[in-house]
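Single-letter residue listing:
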Amino acid sequence: MGFLFWKKKKAEEPTPEVEAAEPESQVVEAPFVEEAPVVVEPAPVVVEALPVVLEPAAAVVEPPKVEKPAAKPEAVQEVVLPKRKFAKGIKSLFTRIKFDVENLDELEDVLIQADFGLDAAEKIVAEVKSVAKKTGASTEADLKKILEDIIAAALKRDDAELNLSSGQLPYVVLVVGVNGVGKTTTIGKLSKYLAEAGSKVVIAAADTFRAAAVDQIATWAHRAGATLIRPRTEGQDPASVAFEGVEAAISQQADVLIVDTAGRLQNKVDLMNELEKIRRVVEKSAVIAEVLLVIDATTGQNGMTQAKAFAEVAKVTGIALTKLDGTAKGGIVYSIQKDLGIPVKLVGVGEGIDDFAFFDSREFANGLVS
């Protein structure tokens, strides 16, 4: 009985196998498993669309880069300096000699005395003689015109104007020079000159070792309508005052920052270190447009010595020649430009705040000769 029961049970087993197969076939035949990739395929479409969303964002960042250069011409226009005549303030070379063909050799002595230098004087006289011979010039007027043309041509430079055209505001002008040459006065006059062009000017009084210098420049700043950044304590680090000047110029959206520096030349190493430190701190936030060396025209060839010393350590880009009205030694201009290759950019021809102008080779030559 037991055996028959077992066989009977075994015969009945196929029935559950059929029943188990039915659910398996239902899982396999389900079409939804095959459609799953269809659901996944659109995902790359969504990912590919991301760059399309990002590209406009990049386009939004680019316009300011295009707009900044467009604003430069406007800033430059604000710093175009007014024209002034200064020839009448220059003493003529011809106060003691008669200028005619027979006396041309005397011209050489006059030029030497006017600080043109021996080589320059010889060269200029030789050119005058050559042109006079070719043109048949013999009158004083003709000879003076020839001399004027030769001097003007020799002194003409393309870089005679202040570098105020880059559009990188504020324009930073470092002013260097020994004490007593008119450095502070030059800063005051230049500030007034710039203000007349509609420029906003900040002055940093970084010559901190002389309290009198700070007080003096404060007076000139007031007359020029400029903002003065002065040391908080006597003897404050000049570089820190220069840095505060940069910060003030940027926050006030000034057009020009003028930095007065110490006028010591006794130790060139100390001077170089100080000027380099000032340059470093300024250039963290701004670009130095000019380094102007102020020279007293009455010092003659001593001015050349100063110019050479400062040119070695201060990276001078231009000369501001003061007291040009008080001497007949204007030939220093010729010596500086020819020997040092540094352009004379500004001239002072009087004590007044308006007695200041851009150097013009033609006007200068006319003042010397007339």
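Look above for the structure.
Not measured: the values here are computed from a predicted model. (Residues numbered from 1 in each chain as written. Predicted model: local features only at pLDDT ≥ 70, side-chain atom pairs only at ≥ 80, totals over all residues. Heavy atoms only, no water.)

Draft legend 1. Layout of the overall build of the chain. Across its full length, the chain holds 14 helices and eight strands. Taken over 370 residues, the chain has a buried fraction of 45%. For the chain, restricting intrachain contacts to residue pairs at least 6 apart in sequence, the fraction spanning at least 24 positions comes to 78%. Summed over all atoms, the accessible surface of the chain reaches about 19,600 Å², with 56% contributed by carbon and sulfur. (Helix = DSSP H or I, 4+ residues; strand = E, 2+ residues; numbered from the N terminus. Buried < 20%, exposed > 50% of the residue type's maximum accessible area, 1.4 Å probe, protein only. Contact = heavy atoms within 4.5 Å. Areas by Shrake-Rupley, 256 points an atom, 1.4 Å probe, with all protein chains shown as cover.)

Draft legend 2. Looking closely at the nonpolar core. By size, the foremost hydrophobic cluster in this structure holds 102 residues, and its most contacted members are Phe116, Leu147 and Leu321. The contacts of leucine 147, once residues within four sequence positions are left out, are Phe94, Phe99, Leu107, Ile124, Val128 and Val369. (Core = buried A, V, L, I, M, F, W, Y, C linked by side-chain atoms within 4.5 Å.)

Draft legend 3. Just helix 10 (residues 238-251), in detail. Between its terminal C-alpha atoms helix 10 stretches 20 Å, which fits the 20 Å expected from 14 residues at 1.5 Å a residue. Looking only at helix 10, the buried set comprises Pro238, Ala239, Val241, Ala242, Glu244, Gly245, Val246, Ala248 and Ala249. Glutamine 253, located one to two residues past helix 10, shows a positive phi value of around 55 degrees. (Expected span 1.5 Å × (residues − 1).)

Draft legend 4. Representation of the pairing of strand 2 (residues 201-205) in the model. Most of strand 2 is tucked away: five of the five residues are buried. Burial of strand 2 is two-sided: the residues Val201, Ile203 and Ala205 facing one way and the residues Val202 and Ala204 facing the other way are all buried. Judged from the five bridges that link them, strand 2 and strand 4 (residues 256-260) form a sheet pairing that is parallel. If you follow valine 201 over to strand 4, its bridge partner there is valine 256. As defined by bridge partners, strand 2 adjoins strand 3 (residues 227-229) across three bridges and the pair is classed as parallel. Its bridge partner being in strand 3, valine 202 is matched across the sheet by threonine 227. The parallel pair strand 2 and strand 3, bridged by helix 9 (residues 211-224), forms a crossover whose chirality is right-handed. (Pairing = 2+ DSSP bridges. Right-handed = clockwise from strand over helix to strand, strands pointing away.)

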